[in-house]
Amino acid sequence: MIILPAIDIKDGKCVRLFQGDYSTAQQVAASAVETAKQFESSGARWMHMVDLDGAKAKKPVNSDTVFSVRNAVGLNMEVGGGIRDLQTVEFYLQNGVNRVILGSAALHDPAFVKEAVRKYGKQIAVGIDAMNGKVAAEGWTQQSEVDYLDMARQMEDIGVRYLIFTDISKDGTLSGPNLGMLDRINRAVSCSVIASGGVSNLKDIIDLHALGLYGAIAGKSLYTGSLDLRQAVTGCQRLSGSGLKTREEVEDHLERYFLKAELIPAIVQEASTGEVLMLAYMNRASMLKTLETGYTWFYSRSRQTLWNKGATSGHTQKVVSVHADCDDDTLLIKVVQTGPACHTGRHSCFYKEIVQN
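Conventions used here
Residues numbered from 1 in each chain as written. Predicted model: local features only at pLDDT ≥ 70, side-chain atom pairs only at ≥ 80, totals over all residues. Heavy atoms only, no water. Helix = DSSP H or I, 4+ residues; strand = E, 2+ residues; numbered from the N terminus. Buried < 20%, exposed > 50% of the residue type's maximum accessible area, 1.4 Å probe, protein only. Contact = heavy atoms within 4.5 Å. Areas by Shrake-Rupley, 256 points an atom, 1.4 Å probe, with all protein chains shown as cover. Axes fitted to C-alpha atoms, helices over the stretch in contact; angles between N-to-C directions. Parallel < 35°, antiparallel > 145°, perpendicular 65-115°, else oblique. Left-handed = near helix turned anticlockwise from the far one by under 90°. Nonpolar A, V, L, I, M, F, W, Y, C, P; charged D, E, K, R; others polar. Pairing = 2+ DSSP bridges. Core = buried A, V, L, I, M, F, W, Y, C linked by side-chain atoms within 4.5 Å. Arc of directions from axis to C-beta. Polar contact = N/O pair within 3.5 Å; in protein donor to acceptor, adjacent residues only side chain to side chain. 1 Å grid on protein atoms, 1.4 Å probe; cavity = no way out; pocket = protein on both sides within 12 Å on 5 of 7 lines; lining within 4 Å. Points joined across faces, edges and corners; volume = space filled by probe spheres on them. Salt bridge = Lys/Arg side-chain N within 4 Å of Asp/Glu carboxyl O. Patch = residues over 30% accessible without salt bridge, like charges linked within 9 Å, V, L, I, M, F, W, Y side chains within 5 Å.

1. Digging into the overall build of the protein
- Helix and strand counts for the protein come out as 13 helices and 18 strands.
- For the protein, the residues scored as buried account for 52% of the 357 residues in total.
- The contacts in the protein between residues at least 6 apart in sequence include a share of 61% that link residues at least 24 apart.
- As displayed, the protein offers around 16100 Å² of accessible surface, 48% of which is attributable to carbon and sulfur atoms.

2. Concerning the packing of helix 1 (residues 32-41) against helix 3 (residues 63-72)
- Closest axis-to-axis distance for the helix 1/helix 3 pair is 9 Å, and the angle between their directions is 40°. Looking at the two axes, helix 1 sits oblique to helix 3. The chirality of how helix 1 crosses helix 3 is right-handed. When helix 1 is examined against helix 3, the residues Ala 32, Val 33, Ala 36 and Lys 37 are found in contact with a partner set consisting of Thr 65, Ser 68, Val 69 and Ala 72.
- Among the residues making up the contact of helix 1 with helix 3, the classes are represented as five nonpolar, two polar and one charged.

3. Notes on the environment of Cys 191
- Within the secondary structure, Cys 191 is located in the loop between helix 8 (179-188) and strand 11 (192-196).
- Note: C-alpha distance between Cys 191 and Thr 173 (18 residues apart in sequence) is 26 Å.

4. Focus on the sheet that holds strand 13 (residues 264-270)
- Pairing in this open sheet of four strands is mixed, and the strands run 14-13-18-17 from one edge to the other. Looking at which strands have only one partner, the edges of the open sheet turn out to be strand 14 (276-282) and strand 17 (317-324). When the angles between neighbouring strand axes are averaged without regard to direction, this sheet yields 25°.
- Pairing between strand 13 and strand 18 (residues 331-337): five bridges, direction parallel. Note that in strand 18 the partner of Ala 266 across the bridge is Leu 331.
- The strands touched by helix 13 (residues 284-293) within the sheet are strand 14, strand 17 and strand 18, with strand 14 carrying the most contacts at an inclination of about 125°.

5. Some details on the nonpolar core
- Ranked by size, the top nonpolar core spans 70 residues in total, and within it Ile 128 and Leu 163 carry the most contacts.
- Take this core: its biggest share by element is six residues, from helix 7 (residues 148-158).
- Filtering out sequence-adjacent residues up to four positions away, Ile 128 remains in contact with Val 135, Tyr 148, Met 151, Ala 152, Leu 163, Ile 164, Phe 165, Thr 166 and Ile 185.
- Listed in part, the 18 residues of the second largest apolar core include Val 268, Met 278, Leu 288 and Ala 341.

6. A short note on helix 9 (residues 202-210)
- For helix 9, the full list of buried residues reads Asp 204, Ile 205, Leu 208 and His 209. Down the axis of helix 9, the buried set is contained in an arc of 140°. They therefore lie on one face. Among the exposed residues of helix 9, those pointing more than 90 degrees away from its buried face are Lys 203 and Ala 210.
- Structurally, the start of helix 9 carries an N-cap: the backbone nitrogen of Lys 203 is 3.2 Å from a side-chain oxygen of Asn 201.

7. Looking at the layout of surface pockets
- Size it by volume and the second largest pocket reaches roughly 760 Å³.
- If you trace the second largest pocket, you find 32 residues lining it, with Ser 300, Arg 303, Trp 307, Asn 308 and Lys 309 closest to the centre.
- Of all elements in the fold, only helix 7, helix 8, strand 14, strand 15 (297-300) and strand 16 (305-308) reach the threshold of two or more residues within the lining of the second largest pocket.
- Class assignment of the residues belonging to the lining of the second largest pocket gives a composition of 15 nonpolar, 10 polar and seven charged.

8. Overview of the pattern of salt bridges
- Counted according to the given criterion, the structure contains 11 salt bridges.
- Of the charged contacts in the structure, one is a salt bridge between Lys 260 and Asp 329, with a shortest N-O distance of 3.1 Å. Pair noted here: Lys 260 is in the loop between helix 12 (247-254) and strand 13 and Asp 329 is in the loop between strand 17 and strand 18, with a separation of 69 residues, a long-range link.
- On the basis of relative accessible area, Lys 260 is assigned to the exposed category, the value being 61%.
- For Asp 329, a relative accessible area of 25% gives the class partly exposed.
- We note a salt bridge from Arg 284 to Glu 262, for which the minimum N-O separation is 2.6 Å. One end of the pair, Arg 284, is in helix 13; the other, Glu 262, is in the loop between helix 12 and strand 13, and 22 residues separate them in sequence.
- Classification of Arg 284 as partly exposed rests on a relative accessible area of 27%.
- Taking relative accessible area as the criterion, Glu 262 reaches 53% and is therefore assigned exposed.

9. Some thoughts on a nonpolar patch on the surface
- Taken together, Ile 267, Val 276, Leu 279 and Phe 350 make up a surface patch of nonpolar side chains, about 340 Å² in accessible area.
- Turning to its location among the elements, Val 276 is positioned in strand 14.
- By relative accessible area, which is 34% here, Val 276 ends up partly exposed.

10. Some words on the environment of Lys 56
- Looking at the secondary structure, you find Lys 56 in helix 2 (residues 52-57).
- By relative accessible area, Lys 56 is classed as partly exposed at 46%.
- Taking the C-alpha atoms as reference points, Lys 56 and Gly 81, separated by 25 residues in sequence, lie 7.9 Å from one another.

Have a look at this one:
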């Protein structure tokens, strides 16, 4: 899991809000540039910036501040707020921003999101901000009747790879993230989910990492000192136990297994007994999701979509280890199986004996 320290800009100043209320804005740092430099020196690889004025104005307002930060640090940067058309998407991406965040536009104009994803792929993220489970928009000043999980699934269908989820009631409160909602959205879609809102301390980071999320945004906790950014970044690296530091590095590593075909067979074996439980297929996305979440995800050839084992039945498979065969074209996944692995109710799918000598 990656940590994305946050800078929110209002009237050209670094501020933080309480539960998205603009009237609660408090300046938390003297300089966006110097703050970003501190993030970089603390080991962060990504940062998260929001143009709060732009979110309300429906167009960039603080882009000069954004670009001054972009030019001062080597961090990867994602930016949101007021991005409502392809011209604005291109404006940011052509000026060095690595990823743009579509929020209200995703709710009101899914066709625009689809076109942006078609053109820019993984450089597009969608922010889903919810109050009482319903998606909010226009800088959180308007409430819709759209359920956050329905929104997530719609964005997945469009092809969005990154979702940033915020429970507005947690934002700026330092009361801890909404782990339940984050777990549900992470299990509902194959997208990489970034948690936002409520992060207070290192325990929150550990709890978020345990959910198998792609990333976590930290804002107010960094400015108050309740969370040390260097400790958070280092802690995530230790928890991951991997020398692969970024998602892109992991994707590059996985590419070797898909040189022969887009799908690879995955044999699932119970770790404690050695019993073979089932055979399914993985593509790049499902294999990456399996590694990120610690639970098995597969690709359905009939439905042509990803599926999470146990998502509906509760019969989950917690991954213990993943091995490749000598030719790198078959996987062996050892798991802790909860309940039966087969849809028939049998513990293993391989229960039909043909011959025994």
